[in-house]
Amino acid sequence: MNKQQKFQFWILIGIVAISGFSQGMLLPLIAVIFEKAGLPSSLNGLNAIALYIGILLASPLMEAPLRKLGYKPMILIGGLIVAISLFLFPLWQSFWFWFALRFFIGIGDHMLHFASQTWITSFSQSENRGKNIALYGLFFGLGFAAGPIMTRLVEINAAWPFQISSAIALVGWLTVFYVKNEHPEQDLETTSILGTFQRFGQVFKYAWVAFLPPFAYGFLETSLNGNFPVYALRLGITIDAVSIILPAFAIGGIVFQLPLGMLSDHYGRHKVLSWTMLVGFASFAVAGMIEHSTSGLFICFFIAGMAVGSSFSLGISYMADLLPKNLLPAGNIMCGILFSAGSMAGPLLGGINLQLTNGTSFFYMISGILLAIFFALFLFSFKEKQHRTGH
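Notes on the structure in this doc start here. (Residues numbered from 1 in each chain as written. Predicted model: local features only at pLDDT ≥ 70, side-chain atom pairs only at ≥ 80, totals over all residues. Heavy atoms only, no water.)

**Quick notes on the overall build of the chain**
In step 1: Within the chain, the regular secondary structure consists of 16 helices and zero strands.
In step 2: A globule of 391 residues ought to have a C-alpha radius of gyration of about 21 Å, and the chain, at 20 Å, matches this closely.
In step 3: Structurally, the chain occupies a C-alpha span of about 55 × 55 × 35 Å along its principal axes.
In step 4: Counting the 391 residues in the chain, one finds 54% classified as buried.
In step 5: Considering only contacts within the chain whose residues lie at least 6 apart along the sequence, 84% involve residues at least 24 apart.
In step 6: Surface exposure of the chain reaches about 17,000 Å², of which carbon and sulfur atoms provide 71%.
In step 7: Of the side-chain charges in the chain, 20 are positive and 15 negative, and the distance between the mean point of each set is 6 Å. (Helix = DSSP H or I, 4+ residues; strand = E, 2+ residues; numbered from the N terminus. Rg over C-alpha atoms; globule rule 2.2 N^0.38 Å. Buried < 20%, exposed > 50% of the residue type's maximum accessible area, 1.4 Å probe, protein only. Contact = heavy atoms within 4.5 Å. Areas by Shrake-Rupley, 256 points an atom, 1.4 Å probe, with all protein chains shown as cover. Lys, Arg positive; Asp, Glu negative; His and termini not counted. Charge placed at Lys NZ, Arg CZ, Asp CG, Glu CD.)

**Digging into the packing of aromatic side chains**
In step 1: Overall, the coordinates contain 26 aromatic pairs when judged by the stated rule.
In step 2: Here the aromatic rings of Tyr71 and Trp119 are separated by 4.9 Å at their centres, their planes lie at 10°, and the arrangement is stacked. A residue pair is termed long-range when its members are at least 10 positions apart, and Tyr71 in helix H4 (residues 71–88) and Trp119 in helix H5 (residues 95–123) qualify at 48 residues. Exposure class is identical for Tyr71 and Trp119. Each is buried.
In step 3: Three or more aromatic residues joined by ring pairs make a cluster, and in this case those are Phe228, Tyr231, Phe284, Phe301, Phe362 and Phe363. (Phe/Tyr/Trp six-rings, centres within 6.5 Å; stacked < 30°, edge-to-face > 60°.)

**Here's the deal with the packing of H4 against helix H7 (residues 160–175)**
A pair of packed helices can be characterised by two numbers: the angle between their axes and the separation between those axes.
In step 1: One way to put it is that H4 packs onto H7 with a least axis distance of 8 Å and a crossing angle of 165°. In this view, H4 runs roughly antiparallel relative to H7, as classed from their interaxial angle. Considering how the two elements wind past one another, H4 and H7 form a crossing that is left-handed. Contacts between H4 and H7 involve Leu76, Gly79, Leu80, Ala83, Leu86 and Phe87 on the former and, on the latter, Phe162, Ser165, Ser166, Ala169, Leu170 and Trp173. (Axes fitted to C-alpha atoms, helices over the stretch in contact; angles between N-to-C directions. Parallel < 35°, antiparallel > 145°, perpendicular 65-115°, else oblique. Left-handed = near helix turned anticlockwise from the far one by under 90°.)

**Here's the deal with the packing of helix H10 (residues 228–235) against helix H11 (residues 239–267)**
In step 1: Packing of H10 against H11 brings their axes to within 10 Å, and their N-to-C directions diverge by 135°. Judged by the angle between their axes, H10 and H11 are oblique. Viewed along their axes, H10 and H11 form a crossing whose handedness is right-handed. Of the residues in H11, those touching H10 at Phe228, Pro229, Ala232 and Leu233 are Ile239, Val242, Ile245 and Leu246.
In step 2: Partitioned by chemical class, the residues of the contact of H10 with H11 number eight nonpolar, no polar and no charged. (Nonpolar A, V, L, I, M, F, W, Y, C, P; charged D, E, K, R; others polar.)

**Some words on the side chain of Glu291**
In step 1: As for its placement among the helices and strands, Glu291 is situated in the loop between helix H12 (269–289) and helix H13 (294–308).
In step 2: In this structure, Glu291 is buried with no salt-bridge partner, the nearest side chain bearing the opposite charge being Arg234 at 11 Å.
In step 3: Within the structure, the side chain of Glu291 is placed 2.3 Å from the side chain of Tyr231, a separation counted as a polar contact.
In step 4: Glu291 has contacts with Tyr231, Leu235, Ile237, Leu297 and Phe363, leaving out every residue within four places of it along the chain. (Salt bridge = Lys/Arg side-chain N within 4 Å of Asp/Glu carboxyl O. Polar contact = N/O pair within 3.5 Å; in protein donor to acceptor, adjacent residues only side chain to side chain.)

**Focus on the side chain of Arg269**
In step 1: Structurally, Arg269 is set in helix H12.
In step 2: For Arg269, a relative accessible area of 4% translates into the label buried.
In step 3: Setting aside its immediate chain neighbours within four residues, Arg269 contacts Ser126, Arg129, Gly130, Gly261, Ser264, Leu314, Ser317, Tyr318 and Asp321.

**What about a nonpolar patch on the surface?**
In step 1: Taken together, the side chains of Ile244, Trp275, Val279, Phe298, Ile299 and Ile303 present a nonpolar region at the surface, about 560 Å² in accessible area.
In step 2: Sorting the residues of the nonpolar patch by element identifies H12 and H13 as the ones contributing at least two each.
In step 3: Ranked by residue count, the leading element in the nonpolar patch is H13, at three residues.
In step 4: Looking at where Ile244 falls in the secondary structure, it is placed in helix H11. (Patch = residues over 30% accessible without salt bridge, like charges linked within 9 Å, V, L, I, M, F, W, Y side chains within 5 Å.)

**Structural notes on the environment of Leu370**
In step 1: Counting through the fold element by element, Leu370 comes out in helix H16 (residues 362–389).
In step 2: Along the sequence, Leu370 and Ile53 sit 317 residues apart, while their C-alpha atoms lie 25 Å from each other.
In step 3: Residue contacts for Leu370: discarding those within four places in its chain leaves Ala216, Leu220, Met277, Gly280, Phe281, Phe284 and Val308.

**Description of the nonpolar core**
In step 1: Counting residues in each nonpolar core, the largest one holds 111 residues, and the members touching the most others are Phe162, Leu224, Phe228, Phe284, Phe301, Phe363 and Ile366.
In step 2: Looking at this core, the element that brings in the most residues is helix H1 (residues 3–36), giving 14 residues.
In step 3: Every residue in contact with Phe162, bar those within four places of it in the chain, is listed here: Met25, Leu26, Leu29, Ile30, Ile33, Leu86, Phe89, Pro90 and Trp98. (Core = buried A, V, L, I, M, F, W, Y, C linked by side-chain atoms within 4.5 Å.)

**With respect to H12**
In step 1: The end-to-end C-alpha distance of H12, which contains 21 residues, comes to 31 Å, matching closely the 30 Å that a straight helix rising 1.5 Å per residue would cover.
In step 2: Within H12, burial applies to Arg269, Val272, Leu273, Ser274, Thr276, Met277, Gly280, Ser283, Phe284, Ala285, Ala287 and Gly288. (Expected span 1.5 Å × (residues − 1).)

**Comments concerning the pattern of salt bridges**
In step 1: One pass over the structure, following the stated rule, counts four salt bridges.
In step 2: The partner of Glu63 in a salt bridge is Arg67, with the nearest N and O atoms 2.8 Å apart. With Glu63 and Arg67 both in helix H3 (residues 63–69) and four residues apart, this pair spans about one turn of that helix. Here the two residues Glu63 and Arg67 agree in accessibility, since each one is buried.
In step 3: Linking Asp265 and Arg269 is a salt bridge whose minimum nitrogen-to-oxygen distance equals 2.6 Å. One exposure class covers both Asp265 and Arg269, and it is buried.
In step 4: Each of Arg129, Asp265, Arg269 and Asp321 takes part in a single network of salt bridges with overlapping partners.

Written as structure tokens, this is what we have:
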């Protein structure tokens, strides 16, 4: 990277950290406020889905404006939507008003993530792409982990967390003005929504396997945060123990995000992803066998986090390796779509599992998904070798 690219890279990383901070704050903060207001937990879960609905509905509409406007305006528009939405929360505590605000935050967050991801993958060389995307994932993770700290302020003034995070988002937004605008690599194809869907077909043909790790990460993040506490309480594990076990996955992911990214630059994305899926499968399979042991679950969650906590960033890097540059915008959109689909499927399938089996196969369900992705990676590698040898 040249000096200008390094400068814009760190501006983008800062924006992503702030986005993670606001998302990490909203989940527990609104859950606490709704709980105090006496709203049932099912409605709280429905409200949280609004963000992912925003991402999914906005995704097919993102490519055309990005190609027309460039990266910088997309980040500025997305960042402003997030800052204004956060500021509006204290004005009216209503379920549907907050649902709409979270929906708009989903759209705004997706705009700035999509633009910054595509920008980073386009200017990163193959030999440092894994490291750059790992830093992207690391700073989002650090921001997400710091967000829940704001929940404590609700005891003093319920409006403060929203106002402070809005002010932080606005400061981050202002730094984007110092970055020079660029456009993604153009092709002769149409930039309409129809053109985007046509490119989705091409992208899926070349890089379908790279979208499975982002799906797995979304599934893991929401099912562990949403379903595991319920399952743990049924097993007789205390809330205090859950508050120690659950962060172990996130900590493992944060600590090993950069090392795994650098290893993928050196040994290849496919090889590193295959090993991480296998380690993740083994960790959750063992967790299912020792589910009554708090210390055992802590170790399993930490090892699983070390391995599959980087699935999203490794998946994006792998996708960028497999696609030509003109298909990167569509590829990044599909990574976002699959992550959102996983995030919505996680609590749904986890909830069904808890209801039908009383949770006896909760960890085995997760390990089964990771094993299936490992076999998909193996199948993709086998077909690639066959194609290269002409068989």
